[in-house]
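# Structural description and commentary
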Amino acid sequence: MNVEKWTVRNVKCELNNLMKALDVNETVARLLVNRGIYKIEEAKKFLNPKTEYFYNSDTMKDLYKSVKLLKDHIDSGKKILIVGDYDVDGVISTYVLYKCLSRLNANVYYHIPDRIKEGYGINEVIIKNAKKDEVDLIITCDNGISAIEQIKLAKELGIAVIVTDHHDVPFKEDIDGKREFIIPSADCVVNPKQLDCMYPFKGLCGAGVVYKLMEALYNEYNIDKSEVIDLLQYVSIATVCDVVDLVEENRIIVKKGLELLNNTDNIGLNALFEETGVKDKKITVYTLGFILGPSINASGRLEQAFWALELLLSNDVNRAKELACKLNDLNKERQDLTKEGVDKAIRIIEENKMQDNKVIVVYLDDIHESIAGIIAGRIREKYNLPTIILTKAHEGAKGSGRSIEEYNMFEELLKCKDLLGKFGGHPMAAGMSIPIENIDAFRDRLNEVTTLTEEDIMVKVQIDMGLSLNKINYRLIDQISLLEPYGKANPKPTFGMKKLKLLDAKILGKNRNVLKLKLSDGDLIIEGIYFGDIEGFEETMKWEVGEYEYSLVLNGKPNHVYLDIICFPEVNEYMGNKKVQLVISNYRVSQ
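Residues numbered from 1 in each chain as written. Predicted model: local features only at pLDDT ≥ 70, side-chain atom pairs only at ≥ 80, totals over all residues. Heavy atoms only, no water.

Turning our eyes to something else, we now look at the packing of helix α12 (residues 267-275) against helix α15 (residues 317-351). Helix-helix packing is described using two parameters, namely the angle between the two axes and the distance between the axes. Running from N to C, α12 and α15 cross one another at 50°; their axes reach a closest spacing of 8 Å. Comparing the axis directions of α12 and α15 gives the class oblique. Both α12 and α15 take part in a crossing whose hand is right-handed. Side by side, α12 and α15 meet where Ile 267, Gly 268, Ala 271, Leu 272 and Glu 275 of the first sit next to Val 317, Ala 320, Lys 321, Ala 324, Cys 325, Leu 327 and Asn 328 of the second. (Axes fitted to C-alpha atoms, helices over the stretch in contact; angles between N-to-C directions. Helix = DSSP H or I, 4+ residues; strand = E, 2+ residues; numbered from the N terminus. Parallel < 35°, antiparallel > 145°, perpendicular 65-115°, else oblique. Left-handed = near helix turned anticlockwise from the far one by under 90°. Contact = heavy atoms within 4.5 Å.)

Right under this line is the structure:
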């Protein structure tokens, strides 16, 4: 059981001006300040995100140079090849580029590398084949910024190249730790993360960067703005699934994108809605991140990302239905493989007491390499420790890592580069290859050099503010919803409540995976619902209050149990009845 440290965000700020200017209550004003939004103009844009607030593309380095190069190739009928990536962001980026360039009658084709056979990004085989096929221009999306040698080859072969990407720019580091950033020798490199790119927002995903380019290209051809805005429904899927910060332009993309998705006429998406059981339900950030995104991702993970792209491009209802069914089946297979892998990893960790390490490294020789990252994420969640999952590859082992806020995984891998093959990533996630015989030494080194402390690996739970039961009503819930859509950098608000009397507890669901609580502050009674580790809740109760007291709770009888909870109030509608309930994320027995 992880020990949790609860802290309340306590940002000092005068709230009255915000409340007055925005016509919001104190709770919403406090939530805005907690998210770093103090200025009235900034807050207005945050609460009412509109496409008119998009930044002007003029300042994005090489963007207009790319527009000119694309226009030259489109107007002269020269052959253009799009090279994408096999994840959701890569598939959506490819789709947006292909759809837009086709709309402008470009002579355009696409290629998404096979995850297992070709690996990530543009490679020499793709470039040599492009030369054979007389391709005049290659445009990459969601990859290319680190393809230094590959792009050099394309240029030597006389192929023009536009790189569109959002990943960090690669660098060389000298012995003093000074970094020299390396930009590929493409004709144009469109990536807001370049140091000399003046574009004010650096947080777009790959599809977001492509959108800005297509926005400028459509403008060049005087195409109605509504056509480019319509693309935001697709870009919103990539933005949520690539887990970029849902602030500024990303917030606008997702807000507008969800509105469009809920009325989409895309045949493929509608087939996928039907197949995954979300048709006629409201499409939300959750739908994108946990239902549609994984289905699109599964094709690139287990087979070909081409199937997902074909689904989005489909004009045939029957073919779309067939493809949607295929993607959904692949996602179910991916879920089964993931569960199997997670169970196996936990068994190895527990048997070898790896949970006592500060950094977990597990070698699973027979899992599909495409799910190593998902398994690493699940293990990281369970133990709150940086986790790397490795599996057998064509040569040696390959793997993925997922980290915690206190551990910069990429920087730590740099300390082990002599043991690794290729590796790359950022503070929270990384990918690597390694000779199998180096795995034990790699695990030992990571644990020897780490500066993680017991405090660092403690689960930290931040609470936006305390809230009393008498403040909770429909109006408050409406006001809080102004902060939607929630996501990275704009998390769902959290409210703390202390010493609530636990009147009753019931475990529901055929898998006993829902806990319903009846809670009281002495005056008011409210229902709470918890979807977490029910077994863990039962163990905690028996350990902390004793089996007898807990049996009284289960039978709804008078008892002496009080809980502190972290929760989010929402309206529960069932069979036409509406009532307010608390969705509980964390609990502890009151001291």
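Moving on from the model shown.
Next up on the list: the pairing of strand β5 (residues 160-164). Among the five residues that make up β5, five are buried, leaving the element largely enclosed by the rest of the structure. The pairing of strand β4 (residues 137-141) with β5 spans five bridges and is classified as parallel. Paired with Ile 138 across the strands is Val 161, a residue of β5. In this region the chain leaves β4, passes through helix α7 (residues 148-156) and returns to the parallel neighbour β5; the handedness of that crossover is right-handed. When β5 meets strand β8 (residues 188-190), the two strands line up parallel, connected through three bridges. Bridge pairing in β8 links Ile 162 to Cys 188. (Buried < 20%, exposed > 50% of the residue type's maximum accessible area, 1.4 Å probe, protein only. Pairing = 2+ DSSP bridges. Right-handed = clockwise from strand over helix to strand, strands pointing away.)

Let us look at the UniProt feature "coiled-coil region" (unreviewed entry) in the protein chain. Within the UniProt annotation, "coiled-coil region" (unreviewed entry) is assigned to residues 313-340. Between the end C-alpha atoms of residues 313-340 there is a gap of 33 Å, over a span that is 89% helix and 0% strand. (UniProt positions renumbered as here; feature names shortened; annotations may be inferred.)

This next bit is on the sheet that holds strand β11 (residues 397-402). The five strands lie next to each other as β9-β10-β11-β13-β12, forming an open sheet whose pairing is mixed. Sheet topology places β9 (360-363) and β12 (423-426) at the edges, where each strand pairs with a single neighbour. The sheet shows a mean angle of 15° between the axes of neighbouring strands, taken without regard to direction. Sheet topology places strand β10 (residues 387-392) next to β11; six bridges connect them, and they run antiparallel. Each residue of the ladder has a partner; that of Lys 392, found in β11, is Ala 397. Against the sheet, helix α16 (residues 372-383) makes contact with β9, β10 and β11, and its axis sits at roughly 40° relative to β11, the strand it touches most. The sheet strands contacting helix α18 (residues 439-449) are β9, β10, β11 and β13 (429-434), and the helix crosses β9 at an angle near 170°.

It is worth spelling out a negative patch on the surface at this point. On the surface, Asp 329, Glu 333, Asp 336 and Glu 340 cluster together into a patch of negative charge. Of note, Asp 329 is situated in helix α15. (Patch = residues over 30% accessible without salt bridge, like charges linked within 9 Å, V, L, I, M, F, W, Y side chains within 5 Å. Areas by Shrake-Rupley, 256 points an atom, 1.4 Å probe, with all protein chains shown as cover. Salt bridge = Lys/Arg side-chain N within 4 Å of Asp/Glu carboxyl O. Lys, Arg positive; Asp, Glu negative; His and termini not counted. Charge placed at Lys NZ, Arg CZ, Asp CG, Glu CD.)

On to unusual backbone geometry, then. With an omega of -5°, the peptide bond between Glu 484 and Pro 485 qualifies as cis. With respect to the secondary-structure elements, Pro 485 resides in the loop between α19 (474-480) and β16 (495-508). Positive phi, close to 50°, is recorded for Lys 499, a residue that is not glycine.

Looking now at the UniProt feature "domain: DDH" (unreviewed entry) in the protein chain. The feature "domain: DDH" (unreviewed entry), as annotated in UniProt, sits at residues 79-231 in this numbering. End C-alpha atoms of residues 79-231 are separated by 24 Å, and the span's content is 36% helix alongside 19% strand.

Attention now goes to the nonpolar core. Leu 70, Ile 80, Ile 92, Val 96, Leu 101 and Met 214 are the most contacted members of the largest nonpolar core, which totals 80 residues. In terms of residue count, helix α8 (residues 206-220) provides more of this core than any other element does, nine residues in total. Apart from the residues within four sequence positions on either side, Ile 80 is in contact with Leu 70, His 73, Ile 74, Leu 101, Ala 106, Asn 107, Val 108, Tyr 109, Leu 137 and Ile 139. Listed in part, the 48 residues of the second largest apolar core include Ala 43, Met 465, Ala 505 and Ile 565. (Core = buried A, V, L, I, M, F, W, Y, C linked by side-chain atoms within 4.5 Å.)

As a further point, take helix α2 (residues 26-34). For α2, the buried fraction is high: eight of the nine residues fall into the buried class. Where the residues of α2 are buried, they touch α1 (16-22), α3 (40-47), β15 (465-466), α19 and β16. The opening residue of α2, the one whose side-chain oxygen lies 3.2 Å from the backbone nitrogen of Thr 27, is Asn 25. Remark: Gly 36 follows α2 within two positions and exhibits a positive phi of approximately 80°. (Polar contact = N/O pair within 3.5 Å; in protein donor to acceptor, adjacent residues only side chain to side chain.)

The next subject is the environment of Leu 15. Locating Leu 15 in the fold gives a position in the loop between β1 (4-8) and α1. Residue Leu 15 is classed as buried on the basis of its relative accessible area of 8%. Separated by 14 residues in the primary sequence, Leu 15 and Ala 29 place their C-alpha atoms 6.1 Å from one another. When residues no more than four places from it in sequence are discounted, the contact partners of Leu 15 are Glu 26, Ala 29, Arg 30 and Val 33.

So, on to the packing of aromatic side chains. On inspection of all chains with the given rule, the structure shows 13 aromatic pairs. Put simply, the rings of Phe 171, Phe 181, Phe 410 and Phe 423 pair up and form one aromatic cluster. The positively charged end of Lys 326 is found above the aromatic ring belonging to Trp 307, 4.8 Å away from the centroid. Positioned over the ring face of Trp 6 is Arg 588, at 4.1 Å from the centre of the ring. (Phe/Tyr/Trp six-rings, centres within 6.5 Å; stacked < 30°, edge-to-face > 60°. Lys NZ or Arg CZ within 6 Å of the ring centre and 35° of its normal.)

What follows concerns helix α11 (residues 248-261). For α11, spanning 14 residues, the distance from its first C-alpha to its last is 20 Å, which sits close to the expected 20 Å at 1.5 Å a residue. In terms of burial, α11 is a largely internal element, 10 of the 14 residues being buried. Those residues of α11 lying buried are Glu 249, Asn 250, Arg 251, Ile 252, Ile 253, Val 254, Gly 257, Leu 258, Leu 260 and Leu 261. Here the buried face of α11 lies against α3, α8, α9 (225-230), α10 (232-241), α12 and α13 (285-302). (Expected span 1.5 Å × (residues − 1).)

Taken together, the five strands give an open sheet; going across it, the order is β3-β2-β4-β5-β8, and neighbouring strands pair in parallel fashion. Every interior strand has two partners, whereas the edge strands, β3 (107-111) and β8, have only one. Direction aside, neighbouring strands of the sheet carry axes that sit 15° apart on average. Across four bridges, the pairing between strand β2 (residues 79-83) and β4 is parallel. Counted as the bridge partner of Leu 81 is Ile 138 from β4. Its contacts with the sheet place α8 against β4, β5 and β8, and it is angled at close to 120° to β5.

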